[in-house]
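An overview of the molecular structure
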Amino acid sequence: MSTAGPDVRARIDSVWEQLSPAERRVAAMVRHDPELLLVGTSAELAAESGTSKATVSRLVRSLGFQDAAEVRQNLMSARGSGLPWAAEDAAHVDQRAVESRNLDAAFASLARAERPRLARRIMRARRVLVFGERGAHPIALQLRAQLAQVRPDVRVGPAPGQRLGEEVADLDRRDLVVVVTVRRHAAGIDRLVRHCVASGADVVVIGDPTAAVIAASAATTILCPVDSPSAFDSLAALFAVVAAIANDVYEASGPAGRAHVDAVAAAYDTLGELAGS
């Protein structure tokens with residue numbers, strides 16, 4: 001049975017009359033925001049509802065789950081499908097606090113990726129290929145646009161009218177590939193990661209936590225939460241991490257990077273491509 005947010009609410013409605021007063025206090029909170037079962041611990045939920053961990057456990061079993069881990073697994077599966085559903089009181093949730101937690105987790109993941117070394121890897125690569133489909137495409141475009149200011153031969157794929165095979169056929173260990181992927185991942189993205197790794201290329205995966213399995217074979221994985229109390233995911237943390245990576249690369253580029261920036265600016269002026277040029 002699917003357990004997306006609306007289904008959790010339906011389960012609560014179906015057992016409401018059988019719940020104890022304490023269980024109803026917890027259930028009322030969860031019904032307003034099913035993600036409380038995803039982002040909070042049983043102890044936190046118990047404290048917030050003024051009940052006990054045992055009460056939370058009884059409610060979870062009353063809803064047809066074995067334990068809180070099964071609830072989280074099912075909610076992550078629903079969220080991972082990208083289906084939009086919101087907390088009923090989303091308008092009263094502090095969105096800035098949610099974004100702050102997402103940013104903290106994303107930058108912690110970026111730190112574990114050894115930022116200075118990652119920047120040097122990007123600079124040393126013969127070429128950089130950035131892939132991103134569906135919701136990840138704007139993020140991939142942003143990363144490519146920023147890296148292209150600093151170093152030559154940065155491409156985004158697949159190019160219009162092209163297929164992935166044409167982009168990756170001649171990859172080797174001199175290349176670096178960045179795969180950006182966000183919930184409701186494009187079909188075959190896991191095969192793309194494995195193919196790029198098998199080619200010898202240096203592979204970096206940037207995505208939300210549901211991309212962890214897809215990224216298993218990659219050299220580097222950076223996971224950025226996209227959770228939001230509203231219906232649609234927030235990509236703010238992903239864009240912030242992309243900007244941080246680009247700035248790291250700029251710092252690592254030294255004189256060669258500055259020269260490339262100047263060359264790009266001069267080309268803009270020559271072609272009159274930007275307003276005021």
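Here's a quick rundown of the structure. Quantities reported herein were computed from a predicted structural model and do not represent experimental measurements.

1. Side note on the pattern of salt bridges
- For the coordinates displayed, the defined rule picks out 11 salt bridges.
- The closest approach of N and O atoms between Asp-248 and Arg-115, which form a salt bridge, is 2.7 Å. Separated by 133 residues along the polypeptide, Asp-248 in helix α12 (residues 236-271) and Arg-115 in helix α8 (residues 115-124) bring together distant segments of the chain.
- Taking the relative accessible area as the measure of exposure, Arg-115 reaches 26% and is therefore partly exposed.

2. Notes on the sheet that holds strand β3 (residues 176-181)
- Strand order across the open sheet formed by 5 strands is β2-β1-β3-β4-β5, with parallel pairing between neighbours. Looking at strand neighbours, the two that pair on one side only are β2 (154-157) and β5 (220-223), the edges of this open sheet. Strand-to-strand twist in this sheet, taken as the mean axis angle between neighbours without regard to direction, amounts to 15°.
- Inspection of the sheet shows strand β4 (residues 202-207) paired to β5 by 4 bridges, in the parallel sense.

3. Some remarks on the environment of Leu-147
- In this structure, Leu-147 sits in helix α9 (residues 137-147).
- Residue class for Leu-147 comes out buried when judged on its relative accessible area of 1%.
- Spatially, the C-alpha atom of Leu-147 lies 9.6 Å from that of Ala-243, the residues being 96 residues apart in sequence.
- Not counting residues within four places of it along the chain, the set of residues in contact with Leu-147 comprises Ile-122, Val-128, Val-154, Ala-246 and Val-249.

Reading the values: the criteria
Along every chain, residues carry numbers that run from 1 in the direction the sequence is written. pLDDT decides what is reported in this predicted model: residues at 70 or higher carry local features, side-chain atom pairs at 80 or more are listed and counted, and totals for whole chains, interfaces and linings draw on all residues regardless. Side-chain numbers here rest on the full set of heavy atoms in the structure, without hydrogens or water. Basic side-chain nitrogens of Lys or Arg form a salt bridge, by our definition, when they fall within 4 Å of a carboxyl oxygen of Asp or Glu. Only DSSP runs of H or I with at least four residues qualify as helices, and only runs of E with at least two residues qualify as strands; both kinds are numbered from the N terminus onward. Type-normalised accessible area, obtained with a 1.4 Å probe on protein chains alone, sets the label of each residue: buried when under 20%, exposed when over 50%, and partly exposed for intermediate values. Pairing between strands requires that DSSP locate at least two bridges from one strand to the other. In this description, a line fitted to the C-alpha atoms serves as the axis of each element, helices being fitted only across the stretch in contact, and the angle between N-to-C directions of two axes falls anywhere from 0 to 180 degrees. Any pair of residues with heavy atoms lying within 4.5 Å of one another is described as a contacting pair.

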